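A structural walkthrough
Given next are the chains, with one letter for each unit.
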Amino acid sequence: NFVLFAKEKSPQTIGKITPIWDPYRVEGNGNPDDMVTARPIAQNWNHQKVTIIARSNTTLLLEAVKLLGFSRIVEQSSQESGEGTEDSNYDTLKRENYCSLIYSEVRYSDHHYDKNLSHHHSDHFPKFHINGKGRNSGHGKWNSVLKEIELLYELYELSQPEESDGETGPARAIRLDPKIFREFDGETVTWDMFQQRVRNLELNHYLATIGLIENFGRDTMRAMELFKSMVLDQKYKAEEADIILTTAHTAKGQEWDNVQVCDDFIELKINPPDKRCSDIHCQRTRKSRKLLQFTTKSYEDDVNLLYVACTRSKNVLSVPPYLKSLITDFDKMWRWTIQFEERVQMDNKVVRKGGSTDGQDGIPGFSEISNPDVETAYQIHDDIVHALRREMGVEKTALIPIFFHGDDTDHSELEVVQVQQLLPS
């Protein structure tokens, strides 16, 4: 329902003469034992079967090889050789969270990669099932996915500078196959040029593959061999598997007991309003202003895919941690407005001035909302936070325990920032 709320408070609904959907909400089964959590649950596969849902197949590959312990092996081998697998190009993609490879707990670090693992599947490793059938899903889709990774890895390899006589030569470029990389129309590019084009044209379907190659580096093909050997070649049925891998597209119309949603879906954000936002009359300031919205494209289905992923679970739903951080920020914003108003009422000399923090860059203490000034904080509260709390029927309690009742919430996280720092002297 929070995803539907965000969709309703976005350009896909607001400001359109004819909205692309009729806003609605869904209702759960009311089972008090069911839960939503921001903790990953896939590593508990030996206690409960888990379905992992991602936007892209490459992200599913990342999740699978992590559960097979490959990330720790790569990390250790890199440390032993004194080389890292990250470079400056990866920093530009890090915020997307598409390619975070190391869990805080790696369960299988004692088991090293062996090409013959498929011949003696150990109980220490999960059994995987690929959801879907046909050319565009399931095993049929994976053939094209692995081919894309292989070709982009070749570009990565050839684009690495060659060392000759102690000197580093220029990165080499290759021509991309136009049948596979249609957006590049047979252009000759380097690895850096490819990444730049992906960012500039928002070719987001390549981001997960870029993340995989940047993280694994020269171990990329080993990761693919492991995935093929331990996942694709095994062909376990759904009822035999510990882990089911599926994209959101393939998951439509299906449901499972325990679902973990990956972090490669759209990240719901609230950005400052622009000219495309609707004009409203603010009762608090008695002035006209732009309505704050969640930042989404007005035509893409990214929000719909996140909604599909979040509605596949019957019992336990694990969502990306940023969603919990965002709702925690909403609770902080709610408490901040209460304390701010109380302080203003106590001190008649204090007058809130719209858009000014009197020398402060912004209100610190939020993880997903970038240090808003006083007026922006009020706008977020009025347009988003208050509307969500009203919809949830919440008056005097925080939202986090309602949304994430499966987590042990540290309420100290909800403490607001120091209001005294924000008031004019």
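Residues numbered from 1 in each chain as written. Predicted model: local features only at pLDDT ≥ 70, side-chain atom pairs only at ≥ 80, totals over all residues. Heavy atoms only, no water.

**Some thoughts on the overall build of the chain**
The helix and strand tally for the chain stands at 13 helices and 12 strands. The buried share of the chain, taken over its 425 residues, is 48%. Residue pairs at least 24 apart in sequence account for 74% of intrachain contacts in the chain once pairs closer than 6 positions are excluded. Carbon and sulfur atoms provide 44% of the accessible area of the chain, an area that totals close to 22100 Å². (Helix = DSSP H or I, 4+ residues; strand = E, 2+ residues; numbered from the N terminus. Buried < 20%, exposed > 50% of the residue type's maximum accessible area, 1.4 Å probe, protein only. Contact = heavy atoms within 4.5 Å. Areas by Shrake-Rupley, 256 points an atom, 1.4 Å probe, with all protein chains shown as cover.)

**Digging into unusual backbone geometry**
With phi around 55°, Glu202 is a residue other than glycine that occupies positive phi space. Among the secondary structure elements, Glu202 is positioned in the loop between helix 6 (191-200) and helix 7 (207-216). With phi around 55°, Lys235 is a residue other than glycine that occupies positive phi space. Along the polypeptide, Lys235 turns up in the loop between helix 8 (220-232) and strand 8 (243-247). Judged by relative accessible area, Lys235 falls into the exposed class, the value being 60%.

**Points about the packing of aromatic side chains**
Taken as a whole and judged by the stated rule, the model has 20 aromatic pairs. With 4.6 Å between their ring centres and 40° between their planes, Trp142 and Phe227 make a pair best called tilted. With Trp142 in helix 5 (residues 138-159) and Phe227 in helix 8, this residue pair connects regions lying 85 residues apart in the sequence. Taken as a pair, Trp142 and Phe227 share a single burial class, namely buried. Their ring planes at 20° and their centres at 5.0 Å tell us that Phe184 and Phe194 sit as a pair that is stacked. Highlighted residues: Phe184 in the loop between strand 6 (174-175) and strand 7 (188-189) and Phe194 in helix 6, separated in sequence by 10 residues. Accessibility assignment for this pair places Phe184 and Phe194 in one class, buried. (Phe/Tyr/Trp six-rings, centres within 6.5 Å; stacked < 30°, edge-to-face > 60°.)

**Quick notes on the pairing of strand 10 (residues 279-282)**
Pairing between strand 10 and strand 11 (residues 287-290): 4 bridges, direction antiparallel. Across the sheet, residue Ile280 finds its bridge partner in strand 11, namely Arg289. Connecting the antiparallel pair strand 10 and strand 11 is a turn made up of 4 residues, with Arg286 showing a positive phi of about 60°. (Pairing = 2+ DSSP bridges.)

**Re the packing of helix 5 against helix 7**
Two elements in contact, helix 5 and helix 7, have axes separated by 10 Å at closest approach and are oriented at 55°. Here helix 5 lies oblique to helix 7, going by the angle between them. Relative to helix 7, the crossing made by helix 5 is right-handed. Each of Glu148, Ile149, Leu152, Tyr153 and Tyr156 in helix 5 lies in contact with helix 7, whose residues at this interface are Thr209, Leu212 and Ile213. (Axes fitted to C-alpha atoms, helices over the stretch in contact; angles between N-to-C directions. Parallel < 35°, antiparallel > 145°, perpendicular 65-115°, else oblique. Left-handed = near helix turned anticlockwise from the far one by under 90°.)

**A word on the side chain of Ser10**
The residue Ser10 is located in the loop between helix 1 (2-8) and strand 1 (35-37) in this model. The exposure class of Ser10 is buried, given its relative accessible area of 0%. Separated by 3.4 Å, the side chains of Ser10 and Thr296 make a polar contact. (Polar contact = N/O pair within 3.5 Å; in protein donor to acceptor, adjacent residues only side chain to side chain.)

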